[in-house]
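As a plain string of letters, each chain reads:
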Amino acid sequence: MKQSFEITFDDTEIIRSSEGHSLMAYPDPVSALGKACQKAKISLFKFKTLPGWEKLDASPWTISYGLTGSWINKDTVITEQESRDKYLSYIKTFCNDLDKLVNVELNKNQYVALLSLMWNIGKGNLASSTVLKKVNAKDFTGATSAFALFDKAGGVVNPGLVARRKREANLFATANTTNTSTELADAIKNLEEFASKA
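Residues numbered from 1 in each chain as written. Predicted model: local features only at pLDDT ≥ 70, side-chain atom pairs only at ≥ 80, totals over all residues. Heavy atoms only, no water.

Q: An account of the overall build of the protein is needed here, citing residue identities and associated values.
A: Counting its secondary structure elements, the protein contains nine helices and five strands. When the helices and strands of the protein are placed in sequence order, the string is α-β-α-β-β-α-α-α-α-α-β-β-α-α. Per-residue burial for the protein yields a buried fraction of 38% across its 198 residues. In the protein, the proportion of contacts linking residues at least 24 apart, taken out of those at least 6 apart, comes to 62%. Accessible surface for the protein amounts to roughly 11100 Å². Of this, 56% is attributable to carbon and sulfur atoms. (Helix = DSSP H or I, 4+ residues; strand = E, 2+ residues; numbered from the N terminus. Buried < 20%, exposed > 50% of the residue type's maximum accessible area, 1.4 Å probe, protein only. Contact = heavy atoms within 4.5 Å. Areas by Shrake-Rupley, 256 points an atom, 1.4 Å probe, with all protein chains shown as cover.)

As structure tokens, this is what we get:
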């Protein structure tokens, strides 16, 4: 269901702060190369310093704010502007996908929380999730609790994902005061215009 608002770069702070930002490609943290870097206490961004790194799977290669895709490889480097442009392009695609999955009206905070979850777990996992089932049944309390089900990476509970799911659940459960105040301002403006014509 298409929602009544647009998502901007600023609206997606929860995604950007959770993903971090890199203008150079790096290996997925749960890939063989990612795990080897962590075991050797080497930053994912310095993966080329790990002996034998070329022989380890690193997919999916990641860049910008958690972007993945066939256009990214071990040598990919982008500019700040390219990063922002590609990120916003991905956000638009993810919003279109989310609109197809959600059958109820949401406030912007609920929508962005779901967008962040989908960004991290993928469209297919969100489509079959308890979170989405609860959302589409308008069981928002149940949906909020269900975010916690996605706390594992490679089958192991990940403290970073636990924290991310808490932030997403808190955002999902928060009323969107920005929309409310905007709607109120619009209503006041309409009343003033009506009163001036009377």
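Q: Explain helix H3 (residues 80-101) residue by residue, including any values.
A: Across its 22 residues, H3 extends 31 Å between first and last C-alpha, which sits within 8% of the 32 Å expected from 1.5 Å per residue. Ser83, Tyr87, Ile91, Phe94, Cys95, Asp97, Leu98, Asp99 and Leu101 are the residues of H3 that are buried. (Expected span 1.5 Å × (residues − 1).)

Q: Go over the packing of helix H4 (residues 108-121) against helix H8 (residues 159-172), please, and point to the residues and values.
A: Taken N-terminus to C-terminus, the directions of H4 and H8 make an angle of 155°; their axes are 7 Å apart at the nearest point. With respect to H8, the element H4 is oriented roughly antiparallel. Judged by the twist between their axes, the crossing of H4 over H8 is left-handed. Contact residues: Asn109, Gln110, Val112, Ala113, Leu114, Ser116, Leu117, Trp119, Asn120 and Ile121 in H4; Leu161, Arg164, Arg165, Glu168, Leu171 and Phe172 in H8. Here the contact of H4 with H8 is composed, by residue class, of nine nonpolar, four polar and three charged. (Axes fitted to C-alpha atoms, helices over the stretch in contact; angles between N-to-C directions. Parallel < 35°, antiparallel > 145°, perpendicular 65-115°, else oblique. Left-handed = near helix turned anticlockwise from the far one by under 90°. Nonpolar A, V, L, I, M, F, W, Y, C, P; charged D, E, K, R; others polar.)

Q: Lay out the pattern of salt bridges with the relevant residues and their values.
A: Applying the stated criterion across every chain, the model contains eleven salt bridges. Here Arg164 makes a salt bridge to Glu168, at a shortest N to O gap of 3.1 Å. Residue Arg164 and its partner Glu168 are both found in helix H8; the two are separated by four residues, about one turn of the helix. Given a relative accessible area of 4%, Arg164 falls into the buried group. Because the salt bridges share partners, they merge into one network encompassing Glu19, Arg164, Arg165 and Glu168. (Salt bridge = Lys/Arg side-chain N within 4 Å of Asp/Glu carboxyl O.)

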